[in-house]
Amino acid sequence: MYIPYGRQSIDDADIEAVVKVLKSDYLTTGPAVEAFEKKVADYVGAKYAVAVSNGTAALHVACLAAGIGEGDEVITTPITFAASANCVLYCGGTPVFADIDPDTYNISPEELEKKITSRTKAIIPVHYTGQPCDMDAILEIAHKHNLLVVEDGAHALGAAYKGKKIGSIADMTCFSFHPVKPVTTGEGGMIVTDNEELYRRLVLYRSHGITRDKDMMQQYEEQLQQSSDPALQEAADMLRGDVIDPGGWYYQQLELGYNYRITDISCALGASQMDKLDRFLERRRQIAKKYDEAFADIPQIKTPWQQEGCQSGWHLYMIQTMERSRREVFDGLRQAGIGVNVHYIPVYRHPYYQRNGYAGVHCLNAEAFYERAISLPIFPGLTGQQQDYVIEHVIKECTAIRS
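Note that the coordinates shown come from a computational prediction; the quantities given were computed from them, not determined experimentally.

(A) Expanded view of the pattern of salt bridges. One pass over the structure, following the stated rule, counts 16 salt bridges. Note that Glu37 is salt-bridged to Arg206, the shortest N-O span being 2.9 Å. With Glu37 in helix H2 (residues 31–44) and Arg206 in helix H7 (residues 196–206), this residue pair connects regions lying 169 residues apart in the sequence. With respect to class, Glu37 is no different from Arg206; both count as buried. The shortest N-O distance in the salt bridge between Lys162 and Asp136 comes to 2.6 Å. Here Asp136 lies in helix H6 (residues 135–145) and Lys162 lies in the loop between strand S7 (160–161) and strand S8 (164–165), a separation of 26 residues in the sequence. A single network of salt bridges, built from pairs that share partners, joins Asp11, Asp14 and Lys276.

(B) Local environment of the side chain of Gln387. Residue placement: Gln387 occurs in helix H15 (residues 384–399). Within the structure, Gln387 has its side chain in polar contact with the backbone oxygen of Ile287 (distance 2.9 Å). Ignoring any residue separated from it by four or fewer positions in sequence, one finds Gln387 in contact with Ile287, Lys290, Tyr291 and Leu382.

(C) Highlighting the sheet that holds strand S6 (residues 148–152). Spatial strand order, S2-S10-S9-S6-S5-S3-S4: seven strands in an open sheet with mixed pairing. Strands at the two margins of the open sheet, each flanked by one partner only, are strand S2 (48–52) and strand S4 (94–97). Adjacent strand axes in the sheet meet at a mean angle of 25 degrees when their direction is disregarded. Strand contacts of H2: S2, strand S9 (172–176) and strand S10 (189–193), with the helix running at about 130 degrees to S2, the strand carrying the most contacts. Of the strands in this sheet, strand S5 (120–124) and S6 are in contact with H6, which crosses S6 at around 150 degrees.

Conventions adopted
- Residues numbered from 1 in each chain as written.
- Predicted model: local features only at pLDDT ≥ 70, side-chain atom pairs only at ≥ 80, totals over all residues.
- Heavy atoms only, no water.
- Salt bridge = Lys/Arg side-chain N within 4 Å of Asp/Glu carboxyl O.
- Helix = DSSP H or I, 4+ residues; strand = E, 2+ residues; numbered from the N terminus.
- Buried < 20%, exposed > 50% of the residue type's maximum accessible area, 1.4 Å probe, protein only.
- Polar contact = N/O pair within 3.5 Å; in protein donor to acceptor, adjacent residues only side chain to side chain.
- Contact = heavy atoms within 4.5 Å.
- Pairing = 2+ DSSP bridges.
- Axes fitted to C-alpha atoms, helices over the stretch in contact; angles between N-to-C directions.

Written as structure tokens, this is what we have:
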């Protein structure tokens, strides 16, 4: 028996949705993309959604749309996948790491505010494991310092903060649709926002910086015309005729964008998966509750604490080993066929970061958590029998006499 920590749940309806697209005229940039975007936007309560090729691409184009560039600092958590910080580097900015709250494992608002400087431009809070961050406190800090908030909601599709779905709160929210996430498109990501200007920029950066949008082309032509540079004014004059009455073939590259488009094949799968999201979430919550009850009276196991007013998406179920070393417990569970994992190595500890200015960075709460954390299996298809097996072996390994 091998039980992974996470796994996709695919049924016949998902397969039929993909086959339907394969038999259609559009395999990419077609109607299935827009349908998936609308489904996610409606679910989370956002006005706009932009689907992209993966969750990292979502974070990257969100940072581009936010105007992150050289000299800008963006504050995030060290307990996350590297993409939450790498997206800032891609834009020429500097990630700054604030320590976590030892109860929620999310970024601490108090530590976050300590890291703000005159160069800070945005905050990337990560809803780690699916538990929402303290968004009231984060938004208050952001408004006070005139900062954009770009949520990394890769774990949190379907999670809620004080009755509001994640995706309806911040300036932008990024989701991931990797196979272990709440729903999957194989690989895929999405950014949701209520801001029309950000939405237009997200669409632009997703596809090479190219547009056929007449209004956007006119806006850029007017900006060129207002320049004091004669060469740019001449360029505006040259473009004006095409922009005022563009032919059906006409397009312009307005920015240096990327090919982060997603296929209709992926989006058909995603739209079908969205029909099951609430059921998936309910099953994850059942699994988490059973773990909580099984480990409640075992001091050698620390279970995850949930903030009042929040509803976690339970992408991950993290325990901390309080007596035996994490390595001993991890190896014992792996030997028993349980695919436990560790999420995550603090980002600044990776060699790339260490040799690029982060060698002296330490977030003590994050490091203490990392030394004890183990992710247990949690996914909709986990059976009761499999979970009983996991519980039995977790208790056995965590309560064994330390070697």
